[in-house]
Amino acid sequence: MAFQCYDEKEMNNLRKVIESQELWRGFGHGNFTGQFERDFGEWLGCKYVLAVCSGTCAEETALAALGLEVGDEVICPASAPIFVSFPVVGIGCIPIFADVDPRTLIISPEGIEARITERTRAIMVVHLWGMPAPMDEIMTIAEKNNLKVLEGCAQAFGPTHRGRKVGTIGDVACYSLQQSKHMSSGEGGVFATDDPEMYKRALLFANGGMPWYGYGLEAPTPQLVAGNRTRGHFAFGHNYRMSELQGAVCIAQLAKLPEFNNRRESLAQAIDEELKDAPGIEIDLAYPDTEPNYWIRPVRVPAPLGHYSEINYLEVEFQKMQRDRRTSLGVPLPDYVSYEPGTCPNAEAGAKQMRGIGTHHGREVEDARADARKLREEIEQAL
Ligand SMILES: *Cc1c(COP(=O)(O)O)cnc(C)c1O
């Protein structure tokens, strides 16, 4: 039988939720969702964790928690899922695409530096494929320019940069729990920070402005309006809450993460064995002193045999923003902002040289090996 990512452990927790008749997390606490947040914080080594309903919501929440204002610029990688840049637009800020390392498609320190203006407030780093970005260099740039750093860890559950877990290096980290990720509740997301004030702002933003703080943080008392009680909405906010059903699944999934990561490692090793001296295929991509934890195993092949389909500014929405010179929320774009082809040459050229082989923990090693062999044959024939 194929490997089961979900089994009795998730089922037992789900049964408890159903039996409790409480499927939402209640007024801030939640038996399962709250427990999952504490477990995740312990696993990551981070003080404040907020579980939300998707990785995209986690990123929007994180940007809001950074205190960004309309028209602020956020530097994003040109090569990354478009879900990385939509939250920037969603809070009224302007995504500025930075070029990447052509070998990895990961946002590069030089790419970031070239995009800094007076309006830049934050950098969204994405540890693409589960390979850590060069965080030391990026943090140095951020400190020099007084910028905040959001680590996008949707594809990176536990890899390290110079011995430190990614997600603990920047100001805030965001994770996705969508089906394809290292652990999953189908949909879901995680926000994590060590800063209590950021956690409070995040909770308000994701909880309709209601301060149901965890971690013993004190909430303000709702005011009366003309003698009437109010429920206590202290700020604008969405409802991005995670349900108890998701929390129940996440607790079981997090406990299995080491096993899942070992399986991913075995798949990646098998792929590497097949490709290690394959002509035309480069597998040595990770930065020195980093330990990847692959979401997908990327390899580099001669152009145009590669294909990576996630250059953000080539998506239709960004083309429209280019044409209209404003974001889809109507925020005007400064003259120097470009979503035209040619904006990030490394991202565009690198996309034609990138291939990936699936290392999902639910796959069998032999299937990943077969994919690697097929790729090797394809490249050999094309050379
Ligand atoms: C999956 C993913 C997202 C989006 O997460 P969702 O949970 O699908 O909203 C964002 N960024 C990266 C890098 C991802 O891989």
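Use the structure listed above.
Structural notes, computed from the coordinates.

Thresholds, definitions, all that
- Per-chain numbering applies: the sequence of each chain, read as written, is numbered from 1 onward.
- Local features in a predicted model are, by the rule used here, given only for residues with pLDDT of at least 70; side-chain atom pairs are given and counted only at 80 or more, and totals for whole chains, interfaces and linings are based on all residues.
- Side-chain numbers come from the whole structure's heavy atoms, not from hydrogens or water.
- By nonpolar core we mean a set of buried residues, namely Ala, Val, Leu, Ile, Met, Phe, Trp, Tyr and Cys, connected to one another through side-chain atoms within 4.5 Å.
- Note on exposure labels: buried denotes an accessible area under 20% of the residue type's maximum, exposed denotes more than 50%, and partly exposed covers the range between, all computed with a 1.4 Å probe on protein chains only.
- Think of it this way: any DSSP run of H or I at least four residues long counts as a helix, any run of E at least two long counts as a strand, and we number them from the N terminus.
- Here, residues are in contact when the closest pair of their heavy atoms is within 4.5 Å.
- For a helix, the expected span equals 1.5 Å multiplied by the residue count minus one.
- Working definition: the arc comes from the directions between the helix axis and the C-beta atoms, pointing outward to the latter.
- Both cavities and pockets are sets of points on a 1 Å grid over the protein atoms alone; in a cavity a 1.4 Å probe fits but cannot get out, in a pocket the set is open with protein on both sides within 12 Å along at least five of seven lines, and lining residues sit with an atom within 4 Å of a point.
- Grid points are joined across faces, edges and corners, and a volume is the space filled by probe spheres set on the points.
- The residue classification treats Ala, Val, Leu, Ile, Met, Phe, Trp, Tyr, Cys and Pro as nonpolar and Asp, Glu, Lys and Arg as charged. All others, Gly included, are polar.
- Two strands qualify as a pair provided DSSP detects at least 2 bridges between them.
- Distance and chemistry together define a polar contact, namely a pair of N or O atoms within 3.5 Å, with one atom able to donate a hydrogen and the other to accept it when in protein, and with adjacent residues in sequence counting only for side-chain atoms on both sides.
- When we say a residue is near a molecule or strand, we mean one of its heavy atoms is within 4 Å of it.
- For the area figures, the Shrake-Rupley method with a 1.4 Å probe applies, and any residue is considered shielded solely by the protein chains shown.
- For a molecule to be placed in a cavity or pocket, more than half of its atoms must lie within 2 Å of the grid points of that cavity or pocket.

## Concerning the nonpolar core
Okay, so step 1: Counting 79 residues, the largest nonpolar core has Leu63, Val74 and Tyr339 as the members making the most contacts within it.
Okay, so step 2: Ranked by residues supplied to this core, first place goes to helix H7 (residues 196-206) with seven residues.
Okay, so step 3: Not counting the four nearest positions on each side in its chain, leucine 63 is found in contact with Leu68, Val74, Pro87, Val88, Ile91, Met124 and Leu150.
Okay, so step 4: Cys153, Ala173, Met242 and Leu254 belong to the second largest nonpolar core, which has 24 residues in total.

## With respect to helix H1 (residues 8-20)
Okay, so step 1: Over its 13 residues, H1 runs 18 Å from end to end, which matches the ideal 18 Å to within 8%, given 1.5 Å per residue.
Okay, so step 2: Residues of H1 that are buried include every one of Glu10, Asn13 and Val17, and no others. Each buried residue of H1 sits inside an arc of 70 degrees when the element is viewed along its axis, so together they form one side.
Okay, so step 3: Taken together, the buried residues of H1 touch helix H2 (31-44) and helix H8 (244-275).

## Quick look at empty space enclosed by the protein
Okay, so step 1: One pass over the full model with this rule turns up one cavity of 30 Å³ or more.
Okay, so step 2: Roughly 70 Å³ of internal volume is contained in the largest cavity.
Okay, so step 3: Forming the walls of the largest cavity are Arg25, Gly28, Leu50, Ala51, Val52, Leu203, Ala206, Asn207, Trp212, Tyr240 and Arg241.
Okay, so step 4: With three residues, the single largest contributor to the lining of the largest cavity is strand E1 (residues 48-52).
Okay, so step 5: Grouping the constituent residues of the lining of the largest cavity by class yields seven nonpolar, two polar and two charged.

## A short note on the sheet that holds strand E6 (residues 160-161)
Okay, so step 1: Pairing is antiparallel across the open sheet formed by three strands, whose spatial order is E7-E6-E10. The sheet is open, and its two edges are formed by strand E7 (164-165) and strand E10 (290-291), each paired on a single side.
Okay, so step 2: Taken together, the two bridges between E6 and E10 define a ladder with antiparallel strand orientation. Across the sheet, residue histidine 161 finds its bridge partner in E10, namely threonine 290.

## Some words on unusual backbone geometry
Okay, so step 1: For the bond running from alanine 303 to proline 304, omega is 0 degrees, close enough to zero to count as cis.
Okay, so step 2: Along the chain, the position of proline 304 falls in the loop between strand E11 (296-300) and helix H9 (316-324).
Okay, so step 3: Located in the positive-phi region is arginine 162, a residue other than glycine, with phi close to 45 degrees.
Okay, so step 4: Turning to its location among the elements, arginine 162 is positioned in the loop between E6 and E7.
Okay, so step 5: Relative accessible area serves as the criterion here: at 42%, arginine 162 is assigned to the partly exposed category.
Okay, so step 6: One non-glycine residue, aspartate 289, lies in positive phi territory at about 60 degrees.
Okay, so step 7: Within the fold, aspartate 289 resides in the loop between H8 and E10.

## Quick word on the environment of histidine 127
Okay, so step 1: Residue position: histidine 127 is located in the loop between strand E4 (120-126) and helix H6 (135-145).
Okay, so step 2: Under the relative-accessibility criterion, histidine 127 is labelled buried at 0%.
Okay, so step 3: C-alpha separation for the pair histidine 127 and glycine 356, spaced 229 residues apart in sequence, amounts to 15 Å.
Okay, so step 4: With sequence-adjacent residues up to four places away left out, histidine 127 is seen in contact with Pro132, Ala133, Met135, Glu151, Gly152, Cys153, Gln155, Ala156 and Val166.
Okay, so step 5: One polar contact links the side chain of histidine 127 to the main-chain amide nitrogen of alanine 133, over a distance of 3.0 Å.

## Considerations on the site of the ligand
Okay, so step 1: Taken together, 13 residues surround the ligand, and among them Gly55, Thr56, Gln155, Ser176 and Lys181 come closest.
Okay, so step 2: Contact distances for the ligand include 2.7 Å between an oxygen atom and a backbone N or O atom of glycine 55.
Okay, so step 3: Lysine 181 places a polar side-chain atom, nitrogen or oxygen, 2.8 Å from an oxygen atom of the ligand.
Okay, so step 4: Burial of the ligand by the protein chains amounts to 92% of its free accessible area of 380 Å².
Okay, so step 5: Because more than half of its atoms lie within 2 Å of the grid, the ligand is assigned to the largest pocket.
Okay, so step 6: Taken together, the residues of the shell around the ligand break down into five nonpolar, seven polar and one charged.

## Focus on the layout of surface pockets
Okay, so step 1: Here the largest pocket defines a volume of roughly 560 Å³.
Okay, so step 2: In this structure, the largest pocket is lined by 28 residues; those nearest its centre are Pro81, Gln155, Lys181, Trp295 and Glu310.
Okay, so step 3: For the lining of the largest pocket, the elements supplying multiple residues, two or more each, are helix H3 (55-65) and strand E12 (354-358).
Okay, so step 4: Of the residues belonging to the lining of the largest pocket, the class tally is 11 nonpolar, 12 polar and five charged.

These figures come from the coordinates and say nothing about function on their own.
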